Amino acid sequence: MVGRMSERRVDLNARLARTGPRKLLAIDGGGIRGVLSLKILEEIEQLLIKESGRDDYRLADYFDCVAGTSTGEIIAAGIAIGMAAAAETPSSVSSALTSCDSSRTEIPLM
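Residues numbered from 1 in each chain as written. Predicted model: local features only at pLDDT ≥ 70, side-chain atom pairs only at ≥ 80, totals over all residues. Heavy atoms only, no water.

## Points about helix α4 (residues 71–80)
Phase 1 of the analysis: Three or more residues of α4 are buried, namely Thr71, Gly72, Ile75, Ala76, Gly78 and Ile79. The buried residues of α4 occupy an angular sector of 160° when the element is viewed end-on, so they sit on one face. Along α4, exposed side chains directed more than 90 degrees from the buried face belong to Glu73 and Ala80.
Phase 2 of the analysis: Positive phi shows up at glycine 82, right after α4, with a value of about 95°. (Buried < 20%, exposed > 50% of the residue type's maximum accessible area, 1.4 Å probe, protein only. Helix = DSSP H or I, 4+ residues; strand = E, 2+ residues; numbered from the N terminus. Arc of directions from axis to C-beta.)

## Section: the pattern of salt bridges
Phase 1 of the analysis: Throughout the structure, instances matching the rule amount to three salt bridges.
Phase 2 of the analysis: Among the salt bridges present, the one from aspartate 56 reaches arginine 54, with a minimum N-O distance of 3.0 Å.
Phase 3 of the analysis: When its relative accessible area of 14% is taken as the criterion, aspartate 56 is described as buried.
Phase 4 of the analysis: Judged by its relative accessible area of 31%, arginine 54 is partly exposed. (Salt bridge = Lys/Arg side-chain N within 4 Å of Asp/Glu carboxyl O.)

## Topic: a nonpolar patch on the surface
Phase 1 of the analysis: A cluster of nonpolar side chains, contributed by Leu36, Ile40 and Ile44, occupies part of the molecular surface with about 270 Å² of accessible area.
Phase 2 of the analysis: Inspection of the secondary structure assignment puts isoleucine 44 in helix α2 (residues 34–52). (Patch = residues over 30% accessible without salt bridge, like charges linked within 9 Å, V, L, I, M, F, W, Y side chains within 5 Å. Areas by Shrake-Rupley, 256 points an atom, 1.4 Å probe, with all protein chains shown as cover.)

## Side note on the environment of isoleucine 40
Phase 1 of the analysis: By secondary structure assignment, the location of isoleucine 40 is in helix α2.
Phase 2 of the analysis: According to the relative accessible area criterion, isoleucine 40 is partly exposed, its value standing at 46%.
Phase 3 of the analysis: Along the sequence, isoleucine 40 and alanine 85 sit 45 residues apart, while their C-alpha atoms lie 9.1 Å from each other.

The analysis is restricted to geometry; functional conclusions fall outside its scope.
This is the structure:
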């Protein structure tokens, strides 16, 4: 399984029982522009790792809800299962997009 072992993840029940504001990460789509989102998320994750002192700290531990559209949805899915932002390389996002877009047929414009 991709991601981290369950004992390294933040306890979901404790997170849901917590009161106060929630942190939502929404990632926009935009095809290959998702690489920019990945780089920004990678920097945020590195800051969180440094602040927490845990090498295994992930964006999924910090955000309560992660969502996205198009390419952002693919990135959000990886983050939600505990993948490191750096693990979602442009090539892995590109291959996922290629497999999603393979069913589309090009329609030539006049």
